[in-house]
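In case you want the letters, here they are:
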Amino acid sequence: MSTNKSVSLLKTIKPYRQGWRIQVKLVHSWRQKTNYGGDTLELIFADESGDKIHCTCKRTYIQRTQRDLCFGEWHMIDIFLLSNATGQYRTTNHTYKMSIIEDTKISKSSLVCDDKFFSFAGFEEIGNGTLKTHFLIDVIGQVTSLRDIQTVQVSGKDKKKVEFRLLDSRPNNELALALIDPKKDKHVTRYREEDCKIICSIESIDTDWSWFYQGHDSCKKCAILIKSKSGNLASNEKPVFWCTSCRTNVTSVSPKFKLHLVVKDDTSTCKLMILDTIGRVIVGCEAEELWDGSYDEIEDPDVLPQPIKDLVGLSFCFGVTLGSENVSDGSSIMSCGEVSAPEKNSRSSEEGSSTPFSKRKEKDQLDQTST
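Let me sum up the structure you'll find in this document.

About the thresholds
Residues numbered from 1 in each chain as written. Predicted model: local features only at pLDDT ≥ 70, side-chain atom pairs only at ≥ 80, totals over all residues. Heavy atoms only, no water. Helix = DSSP H or I, 4+ residues; strand = E, 2+ residues; numbered from the N terminus. Buried < 20%, exposed > 50% of the residue type's maximum accessible area, 1.4 Å probe, protein only. Contact = heavy atoms within 4.5 Å. Areas by Shrake-Rupley, 256 points an atom, 1.4 Å probe, with all protein chains shown as cover. Phe/Tyr/Trp six-rings, centres within 6.5 Å; stacked < 30°, edge-to-face > 60°. Pairing = 2+ DSSP bridges. Axes fitted to C-alpha atoms, helices over the stretch in contact; angles between N-to-C directions. Core = buried A, V, L, I, M, F, W, Y, C linked by side-chain atoms within 4.5 Å. Patch = residues over 30% accessible without salt bridge, like charges linked within 9 Å, V, L, I, M, F, W, Y side chains within 5 Å. Salt bridge = Lys/Arg side-chain N within 4 Å of Asp/Glu carboxyl O. Lys, Arg positive; Asp, Glu negative; His and termini not counted. Charge placed at Lys NZ, Arg CZ, Asp CG, Glu CD. Polar contact = N/O pair within 3.5 Å; in protein donor to acceptor, adjacent residues only side chain to side chain.

### Section: the overall build of the protein
The helix and strand inventory of the protein stands at 5 helices and 23 strands. Each of the 371 residues in the protein was classed as buried or not, and the buried ones make up 36%. Put simply, 59% of the contacts in the protein that link residues at least 6 apart link residues at least 24 apart. As displayed, the protein has an accessible area near 23500 Å², and 47% of this comes from carbon and sulfur atoms.

Shown next, in the form of structure tokens:
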């Protein structure tokens, strides 16, 4: 094969011969298994003009192709098949589709170009129906809501499905968490309350805090902290508390969950503060059932009820809120507002089986002194 062979752009190649040489960058790849095609490697190539083409590689040549191709790098490819690109959900708008064959030769190219070759469609085009529906498109946006992972039936098989909402990131909006002041070269931080969902596992229980507090039973705000005004009590005397919401002395109190959890996913860890409504869901019982009946301060916070210890290692989908009141000196504790619990006795499960508390009429709230 001659080294002086000319290089063709993707838009010029035709299926009337196999002797084409192209210079392309691998921008995407994935493994696929179908009833009609078997196990294949699917590839998306782009050339320096920005044109893209879909390429498929049968199982026989997958190992060799993966060895010779590196994601994000430029390569010369000689001798390949071209066929008409048909069907729904086509990955590129190229008329033809490539196939790796036995005689295909792949070598490295000296070309340097860091372009990602995305072709982002505008939200207006997507919404008004002007785009052709049988082509896949590139889209960029900011995730503003994320639903739980669902299991749906596709051709008689269980498949995972997730729904989320995107906001067009190109217009100016107020969703940025931090701005840079170029004049003073300082970070000007603006926090805005953000609601999101995270799927994570519980790594540990933060015992720097008690796992419960005494809450006023008849208070409409179910998570108001109660400050004790009891003093020294006789053995048969009930303690007196001050309700910061009702602004009165009360004795009708009971334990409420206030769990501080260290959670993690594949990227990092964070702290979640779980109040009574959500605490009952993940622990599986009322806080009062785990309480020893004493109103005295807990002497050893590391001594936890067994059902709370058993939370370590379990995975949940938490709905969380991060607001300005949760942030101090760059660190944060997020308040949990809803949860999907895994199946009973299930560990490392990322999908919930209970009904999320997204429709509760009253949210758990905290006294400012606890934040």
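Text resumes after the structure shown.
### Examining helix α3 (residues 276-283)
By the criterion of burial, α3 is predominantly enclosed, with 6 of the 8 residues buried. When α3 is considered as a whole, its buried residues turn out to be Asp276, Thr277, Ile278, Gly279, Ile282 and Val283. Following α3 by one or two positions, glycine 284 adopts a phi angle in the positive range, close to 95°.

### A word on the packing of aromatic side chains
The relation between two aromatic rings is expressed through the spacing of the ring centres and the mutual angle of the planes. Under the criterion given, the structure shown has 6 aromatic pairs. Between tyrosine 16 and tryptophan 20, the aromatic rings sit 5.6 Å apart at their centres with planes inclined by 70°, giving edge-to-face as the arrangement. The exposed category is assigned to tyrosine 16, whose relative accessible area is 61%. With a relative accessible area of 5%, tryptophan 20 lands in the buried category. When the ring of phenylalanine 316 is compared with that of phenylalanine 318, the centres are 5.5 Å apart and the planes differ by 40°; the resulting orientation is tilted.

### Examining the sheet that holds strand β7 (residues 105-108)
What the 7 strands build is an open sheet, ordered β5-β6-β3-β2-β1-β4-β7; its pairing is mixed. Strands with a single pairing partner mark the edges of an open sheet, and in this sheet they are β5 (81-84) and β7. Neighbour to neighbour, the strand axes of the sheet diverge by 40° on average, direction disregarded. With 9 bridges joining them, strand β1 (residues 21-34) and strand β2 (residues 38-46) adopt antiparallel strand pairing. In the sheet register, lysine 25 faces β2, and the bridge partner there is alanine 46. Across the face of the sheet, helix α1 (residues 59-68) comes into contact with β1, β2, β3 (52-58), β4 (74-78) and β7 while running at roughly 125° to β3.

### Here we look at the nonpolar core
Membership of the largest hydrophobic core comes to 26 residues, with the highest contact counts inside it found for Trp211, Leu259, Leu261, Val283, Ile308 and Phe318. Of all the secondary structure elements, the ones that give two or more residues to this core are β14 (194-205), β19 (253-264), β20 (269-275), α3, α4 (287-290) and β21 (315-322). Formed by 22 residues, the second largest nonpolar core is a distinct cluster that contains Leu43, Tyr61, Leu69 and Phe80.

### Comments concerning a positive patch on the surface
A grouping of Lys33, Arg59, Lys157 and Lys159 is seen on the molecular surface, where their side chains present a positively charged patch. Among the secondary structure elements, lysine 159 is positioned in strand β10 (residues 157-161). For lysine 159, a relative accessible area of 41% translates into the label partly exposed.

### Notes on the pairing of β2
Along β2, 7 of the 9 residues are buried, which leaves the element largely enclosed by surrounding structure. Hairpin connection of β1 to β2: 3 residues between the antiparallel strands. Sheet analysis places β2 next to β3, joined by 7 bridges and oriented antiparallel. Opposite isoleucine 44, over in β3, you have histidine 54 as the bridge partner. Between β2 and β3, which pair antiparallel one after the other, the connecting turn spans 5 residues, and glycine 50 there sits at a positive phi close to 95°.

### Some points on the environment of glutamine 153
Structurally, glutamine 153 can be placed in strand β9 (residues 150-154). The exposure class of glutamine 153 is exposed, given its relative accessible area of 55%. Within the structure, the side chain of glutamine 153 is placed 2.4 Å from the side chain of aspartate 158, a separation counted as a polar contact.

### Focus: unusual backbone geometry
Backbone geometry places phenylalanine 117, a non-glycine residue, at a positive phi of 60°. Following the sequence through the fold, phenylalanine 117 ends up in the loop between β7 and α2 (123-128). Backbone geometry at serine 155 places phi at a positive 55°, although glycine is not the residue there. If you trace the backbone, serine 155 turns up in the loop between β9 and β10. A relative accessible area of 75% means that serine 155 is categorised as exposed.

Functional significance is not addressed by these values, which are geometric in nature.
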